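One letter stands for each residue in the lines below.
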Amino acid sequence: MNSPPLRLIVMGVAGCGKTTLAKALGQRMGLEMVDGDDLHLDQSVEKMRAGIPLQDNDRWPWLDRIGAHLSEPHPHGRVVACSALKRAYRDRIRAQADEVFFIFLSGDFELIGQRM
């Protein structure tokens, strides 16, 4: 019996190690790895560059893109590094990609502050 391709989100606050772990998982498990930031719409990237915080309405299309990316065929699956801090964000991704596993990274406030 074949297992369905794995769909992982490595989530947490900025500086917690999402991208590092997602890359390691991708290499170790043969998963295609994408940094969720690379899936932002151009207008959202411009807002962030200008120091304008994104609102949920800016994030919905991004989360849809992450979910769509995860649902695309890949022999072993995909892993995406993405903050996904709100339950509504995770639900939005699940709506596109169905069965997704979320790995939440947490860390010491001081350590994450040093990384930032």
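None of these values were measured; they are calculated from a predicted model. (Residues numbered from 1 in each chain as written. Predicted model: local features only at pLDDT ≥ 70, side-chain atom pairs only at ≥ 80, totals over all residues. Heavy atoms only, no water.)

### Concerning the environment of Ile-66
Turning to step 1, where the next piece is worked out: Mapped onto the secondary structure, Ile-66 falls in helix 3 (residues 56-71).
Turning to step 2, where the next piece is worked out: Considering only alpha carbons, one finds Ile-66 and Ala-84, 18 residues apart in sequence, at a separation of 10 Å. (Helix = DSSP H or I, 4+ residues; strand = E, 2+ residues; numbered from the N terminus.)

### Focus: the pattern of salt bridges
Where charged atoms of side chains with opposite charge meet at close range, the side chains can pair.
Turning to step 1, where the next piece is worked out: Applying the stated criterion to the full structure yields 8 salt bridges.
Turning to step 2, where the next piece is worked out: Between Arg-78 and Glu-32 there is a salt bridge; the shortest N-O distance is 2.4 Å. Residue Arg-78 is found in strand 3 (residues 77-81), and its partner Glu-32 is found in strand 2 (residues 32-35); the two are separated by 46 residues along the sequence.
Turning to step 3, where the next piece is worked out: Looking at Arg-78, the relative accessible area reads 6%, which means it is buried.
Turning to step 4, where the next piece is worked out: On the basis of relative accessibility, which here comes to 28%, the residue Glu-32 falls in the partly exposed class.
Turning to step 5, where the next piece is worked out: A salt bridge links Glu-46 to Arg-49; the nearest nitrogen and oxygen atoms lie 3.1 Å apart. Of this pair, Glu-46 and Arg-49 both sit in helix 2 (residues 42-49), 3 residues apart, which is roughly one turn of the helix.
Turning to step 6, where the next piece is worked out: Owing to a relative accessible area of 46%, Glu-46 belongs among the partly exposed residues under this scheme.
Turning to step 7, where the next piece is worked out: On the basis of relative accessibility, which here comes to 65%, the residue Arg-49 falls in the exposed class.
Turning to step 8, where the next piece is worked out: Three or more residues joined by partner-sharing salt bridges are found here, namely Glu-32, Glu-72 and Arg-78. (Salt bridge = Lys/Arg side-chain N within 4 Å of Asp/Glu carboxyl O. Buried < 20%, exposed > 50% of the residue type's maximum accessible area, 1.4 Å probe, protein only.)

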